[in-house]
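# Coordinate inspection notes
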Amino acid sequence: MRYLTFALGKGRLANRTLETFEKIGITCQEMKDKDTRKLIFVNEELKLKFFLAKGPDVPTYVEYGAADIGIVGEDTILEEARNIYEVLDLGFGKCKMCVCGPKDAEELLKHHELIRVATKYPRIAKDYFYNKKHQTVEIIKLNGSIELAPIVGLSEVIVDIVETGTTLRENGLSVLEEVCPLSARMVVNQVSMKMENERITKIIRDLKEVLAKENGK
Ligand code: PRP
């Protein structure tokens, strides 16, 4: 039996993913060591491998087949637009993609002004403003701390993830428009889905069962 390889987005999502996997009997003891600098972990018994990658790289590993399965946020899937199958909504990591800014930027949005939009998600922002709102904007790509942009005058608004809303609140910004809801998803390589169909389908089925139980269905 060959190894089935999982790519997990580093951080909060990876921890929640491992918790959920444990419930279907998929464990990886050596991954639980918080101090380890190892990047790849093996469960010899189940013939599984797990590796931690930067979130935006997960769809890339899966598209090229370096990982059979990936766990990543819907935001990253939309932004990367890779040729992969999205097979399951894991229901955790829930948040929203929003247009945010100071309250007075609301008028600029309403009147379709040519504004600057700072974001880590240029594709999602472009799709939203050009295809849904039919508003021409200038999109500026940033790599983090996006909330800074309207505060220091780089842009009028931002397109970013809002989870609790604390970052916005503490920086005097608000949600002005909602783009889409987001959550963690399981993605699968297109060839793996055929070659390892039985094993992958079983994992999806088991996860669905656990998630349904958790949601009290
Ligand atoms: C994300 C996002 C917001 C924040 C939202 O940033 O970009 O800044 O979390 O969360 P909240 O609504 O609960 O405050 P992240 O922590 O991933 O870091 P980043 O600024 O480097 O993108």
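Shown above is the structure to which this text applies.
Now for a look at the structure at hand. (Residues numbered from 1 in each chain as written. Predicted model: local features only at pLDDT ≥ 70, side-chain atom pairs only at ≥ 80, totals over all residues. Heavy atoms only, no water.)

### Focus on helix α1 (residues 12-23)
With 12 residues, α1 should reach 16 Å at 1.5 Å per residue; the first-to-last C-alpha distance of 18 Å fits that figure. Those residues of α1 that fall on the buried side of the exposure criterion are Ala14, Thr17, Leu18, Thr20 and Phe21. Here the buried residues of α1 occupy an arc of 165° about the axis, which is enough to place them on one side. Contact partners of the buried residues in α1: β1 (4-9), β3 (48-53), β4 (69-73), β11 (184-188) and α9 (197-214). After α1 finishes, the residue Gly25 shows a positive phi value of roughly 80°. (Helix = DSSP H or I, 4+ residues; strand = E, 2+ residues; numbered from the N terminus. Expected span 1.5 Å × (residues − 1). Buried < 20%, exposed > 50% of the residue type's maximum accessible area, 1.4 Å probe, protein only. Arc of directions from axis to C-beta. Contact = heavy atoms within 4.5 Å.)

### With respect to the packing of aromatic side chains
Tallying each qualifying case throughout the model produces 4 aromatic pairs. Ring plane angle 65° and centroid distance 5.3 Å describe the contact between Phe6 and Phe21, whose orientation is recorded as edge-to-face. Taken together, the residues Phe6 in strand β1 and Phe21 in helix α1 connect sequence positions 15 residues apart. Note on Phe6: relative accessible area 0%, which makes it buried. By relative accessible area, which is 1% here, Phe21 ends up buried. For the pair Phe51 and Tyr61, a centre-to-centre distance of 4.9 Å together with 70° between the ring planes defines the contact as edge-to-face. Remark: Tyr61 occurs in helix α2 (residues 58-64) and Phe51 occurs in strand β3; sequence separation between them is 10 residues. For Tyr61, a relative accessible area of 34% translates into the label partly exposed. (Phe/Tyr/Trp six-rings, centres within 6.5 Å; stacked < 30°, edge-to-face > 60°.)

### A short note on a positive patch on the surface
A grouping of Lys10, Arg37, Lys54, Lys120 and Lys141 is seen on the molecular surface, where their side chains present a positively charged patch. Its location among the elements puts Lys54 in the loop between β3 and α2. Judged by its relative accessible area of 55%, Lys54 is exposed. (Patch = residues over 30% accessible without salt bridge, like charges linked within 9 Å, V, L, I, M, F, W, Y side chains within 5 Å. Areas by Shrake-Rupley, 256 points an atom, 1.4 Å probe, with all protein chains shown as cover. Salt bridge = Lys/Arg side-chain N within 4 Å of Asp/Glu carboxyl O. Lys, Arg positive; Asp, Glu negative; His and termini not counted. Charge placed at Lys NZ, Arg CZ, Asp CG, Glu CD.)

### A look at the sheet that holds strand β2 (residues 40-43)
If you walk across this open sheet you meet the 6 strands as β2-β3-β1-β4-β11-β5, and the pairing is mixed. Two strands lie at the open edges of the sheet, namely β2 and β5 (85-89), each paired on one side alone. For this sheet, the mean angle separating the axes of adjacent strands, direction not counted, is 25°. Here β5 runs beside β11; their pairing, made up of 4 bridges, is antiparallel. Residue pairing for β11: Glu86 is matched across the bridge by Val187. Along the sheet face, α1 touches β1, β3, β4 and β11 and points at about 140° away from the line of β1. Where α9 meets the sheet, its contacts fall on β1, β3, β4, β5 and β11, and the angle it forms with β5 comes to roughly 25°. (Pairing = 2+ DSSP bridges. Axes fitted to C-alpha atoms, helices over the stretch in contact; angles between N-to-C directions.)

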